[in-house]
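# Reading the structure
Okay, here's what each chain looks like letter by letter:
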Amino acid sequence: MNSSNVAETLERLALQEYSSVEHELSRTSNISATSILIGACQALDYWLLVDNFLEDAKSSLSVPDMSLVSRGWNPLLKLLQGRVGKQTGVPVSSVGSKQFQASTTLLHQLGRSVILKKTAELVRHGNFSAEHSGQEIRVRMLLSTENDLFSDRIDDFKWRDLEQRKKKLEIERKLLTVWQQEDIQEEMSQVVHPFKMPHGTIVGYATTPEIDEHFASLVLPQVSEWQRQSGLFPQARIRGLKGADIASILGLCMSSRLSHSQLVAVGKKKFDEVNYWLANTVWKPKSEIVSSLANFANLDPFIVSTIVDRSTYGVAPNVDLSSDVTPVCPPFIKISKEYLLEPMSFLFSNPLDTFKKLNNDAPTKNSVRIHREAQMAEEIHNLFEGNRYRRLQSRARLKRNGKTITDIDAAVLDVMTGEIGLFQLKWQEFNGANNRQQISRSRNFVDQVDTWSSKVQEWIVLEGTERLLKSLQFPVVNTTPNNVYLFAIGQQAARFSSFGFPQRNSNTAPATMNQFVRLRLEMGHVQNTVAELFKRIRSETRSSPILTPIPYNMTSGEYSIHFEDMWNSFE
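Every chain's residues receive numbers from 1 upward, in the order its sequence appears when written. Whole-chain, interface and lining totals are the exception, using all residues; otherwise, since this is a predicted model, local features are given only for residues with pLDDT of at least 70 and side-chain atom pairs are given and counted only at 80 or more. Hydrogens and waters are ignored; side-chain quantities use all the structure's heavy atoms.

Moving on, we come to the overall build of the protein chain. Check the secondary structure of the protein chain and you find 21 helices and 21 strands. The buried share of the protein chain, taken over its 571 residues, is 55%. Pairs at least 24 residues apart make up 73% of the contacts formed inside the protein chain by residues separated by at least 6 positions. Counting every atom, the protein chain has about 25200 Å² of accessible surface; 49% of that belongs to carbon and sulfur. In this text, helices come from DSSP runs of H or I with a minimum length of four residues, and strands from runs of E with a minimum of two, each type numbered from the N-terminal end. Burial here depends on accessible area, computed with a 1.4 Å probe over protein chains only, as a share of the maximum for the residue type. Under 20% is buried, over 50% is exposed, and the range in between is partly exposed. Residue contacts are counted whenever heavy atoms from the two residues lie within 4.5 Å of one another. In these tables, accessible area is a Shrake-Rupley quantity obtained with a 1.4 Å probe, and a residue counts as shielded only by the protein chains included in the view.

The next thing to look at is the sheet that holds strand β20 (residues 559–563). Paired through backbone hydrogen bonds, the strands of a sheet run either parallel or antiparallel to each other. A pair of strands is labelled paired if DSSP reports no fewer than 2 bridges between them. Read across the sheet, four strands follow the order β1-β2-β20-β19 without closing on themselves; strand pairing throughout is mixed. Both edges of this open sheet fall to β1 (128–133) and β19 (552–556), since each of them pairs with a single strand only. Each strand axis lies, on average, 20 degrees off the axis of its neighbour in the sheet, ignoring direction. Note: β19 against β20, five bridges, orientation antiparallel. Paired with M554 across the bridge in β20 is I561. In this description, a line fitted to the C-alpha atoms serves as the axis of each element, helices being fitted only across the stretch in contact, and the angle between N-to-C directions of two axes falls anywhere from 0 to 180 degrees. Helix α5 (residues 97–125) contacts β1, β2 (136–141), β19 and β20 of the sheet and is inclined by roughly 105 degrees relative to β19.

This part covers the packing of aromatic side chains. For this analysis, a ring pair means two rings from Phe, Tyr or Trp (six-membered ring only for Trp) whose centres lie within 6.5 Å, classed as stacked if their planes differ by under 30 degrees, edge-to-face if by over 60, and tilted for the remaining angles. By the definition in use, this model includes 16 aromatic pairs. In this structure an aromatic cluster arises from ring pairing among F384, Y389, F423, Y485, F487, F516 and F534. Sitting over the face of the ring of F384, R520 holds its NZ or CZ atom 5.0 Å from the ring centroid. Any Lys NZ or Arg CZ that is within 6 Å of a ring centre and within 35 degrees of that ring's normal is treated as a charge sitting over the ring.

This part covers the side chain of T312. In this structure, T312 sits in strand β8 (residues 312–313). On the accessibility criterion, T312 (0% relative accessible area) is buried. Apart from residues lying up to four places away in sequence, T312 is in contact with F332, I333, K334, L340 and L358.

To continue, consider the pairing of β20. Counting buried positions along β20 gives four out of five residues, so the element sits mostly inside the fold. Where β2 lies against β20, four bridges are found, and the strand directions are parallel. Bridge pairing in β20 places R138 opposite H562. Connecting β19 to the next strand, β20, in antiparallel fashion are two residues, including G557 with a positive phi near 60 degrees.

We count a salt bridge whenever a side-chain nitrogen from Lys or Arg sits within 4 Å of a carboxyl oxygen from Asp or Glu. For the structure on display, the rule yields 23 salt bridges. We note a salt bridge from R12 to E558, for which the minimum N-O separation is 3.3 Å. Taken as a pair, R12 in helix α1 (residues 3–26) and E558 in the loop between β19 and β20 lie far apart in primary sequence, 546 residues in all. Among the residues examined, R12 registers a relative accessible area of 33% and is labelled partly exposed. For E558, a relative accessible area of 41% corresponds to the partly exposed category. For R27, the salt bridge identified is with E24, shortest N-O distance 3.5 Å. On the accessibility criterion, R27 (60% relative accessible area) is exposed.

The next point concerns the confidence of the model for the protein chain. pLDDT measures the predictor's confidence residue by residue and takes values from 0 up to 100. For the protein chain, mean pLDDT is 86; residues scoring 70 or higher make up 89% of the total. Segment residues 161–180: pLDDT under 50, and 36 contacts once partners within four positions in sequence are set aside and those in other chains are kept.

Even without being a glycine, N401 presents a positive backbone phi close to 55 degrees. The topology assignment puts N401 in the loop between β12 (396–400) and β13 (403–408). Positive phi, close to 60 degrees, is recorded for Q473, a residue that is not glycine. A relative accessible area of 65% places Q473 in the exposed class.

Taken in spatial order, the five strands of this open sheet run β11-β14-β15-β16-β17, and their pairing is mixed. Two strands close off the open sheet at either side, each with one partner strand: β11 (389–391) and β17 (508–512). Pairs of neighbouring strands in the sheet enclose a mean axial angle of 20 degrees, with direction left out of account. As paired strands, strand β16 (residues 484–490) and β17 are joined by five bridges and run parallel to one another.

We now examine helix α3 (residues 63–71). Counting buried residues along α3, eight of its nine residues qualify, which places the element largely inside the surrounding structure. For α3, the complete set of buried residues consists of P64, D65, M66, S67, L68, V69, S70 and R71. The inward-facing, buried residues of α3 contact α2 (30–53), α4 (73–80), α5 and β19.

Structure, rendered in structure tokens:
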């Protein structure tokens, strides 16, 4: 069986897994569908909390199983769309081990359908090879895929490590900070108590201003990073809502969830009878949520109510999240006419990215888009401060005979060395895109960057560097411009050889924003800053990450599928 036939088999197995769940759910009532959604949310919340916050590895799923359970969430939302949130009241049942296991199994099966479909696309495109023997299929990643498919993602982790060294807070690390502060630990212990309900015991508590302020102080410094990564900046206006207000409210939601998760953890440690699966995921009347957020943020309740609506799955404009390959955990899910579910899984995502995905309409996209590249340019320029550097004040155009040849999004002149850095900035929504979208966006990135590079180089050859300085409108300096270096900066991804689109112009250094910022900060003060940046980026572009495969066997239908390196750890 050749690769094309194997891809077809994987696609058929993916459809079987999905159709099986679809058939079972179609036989349930809307009330049962609501119970299924709540149960799945409780299971996903539990596994993500255990995976991220608890040190007991025995309680966690394996990396591949956690990936499958997480990826089952989006298609489940799709299958239940339009069936949840119509009734009065919330159906509640005991969350015992059987129900919890059933919810986990459901998510896992839908996750298998996602991974099998993704694998079929990767095999078909040549990123993965597949061997078939009898009822066994073996899948492994090709070397070219290793070189850059993981490199941009790994740079995100390198960036976070750098941020940690700079003592900036990260949401993934918050628990370590919490447990180190014994006074907060003790205060939380004093306010928790067991709360018995007909279907199980959860954790009750009366939080204090000190606890609320503590968790707010942990989360709110992250807001600027969420804005930077999502492109939803404070000055954005989305259907009358200010970007700053959206970030403030979602930041408070994140703070409240983090506080709740730690109070539940303290309560579980103190009271053995607490059902941890049940205690984490809660639902509240929308009116209570709005009142609390409005009071804390000191915002008009109408504005807060609108933000909550647009952050609620089932109220915000209908959007199909099933094509997104990463789990999208909304801040709220409408589960009845009065109540909103508050998923704890929301903790492990960028809330502004999630808001964008829930509001995927053209006006919202346009409102976000108009500020993004200007913010990228500002971030680039802020890395070159002081009298040594001159920075582009606004986007420049390179013209010949009155006709615009191309644009320069950002530029830096090193007065000391005469080196010039010219930048093209590309913001593409690469994270979460499916394989076909990634291929299309990869092709567009490479084609546009190569075209830009060629035009800039040709213009400089014909017009010269002195004319370049005038076009960039740099102040007159006693510096002879010499070497010009070209950089292409992608917000989320910049290396696409694994998709069949290598950068053809070797005179351009492609990098993600995180990679560029990291390298600039790591360099500090050097003699030839621009040249050294170009050299380091080109070097990393040619290097391969050190990956350690995590093999995984999956059974689907009549086949046993062995994934040699779909999942990896890295150094």
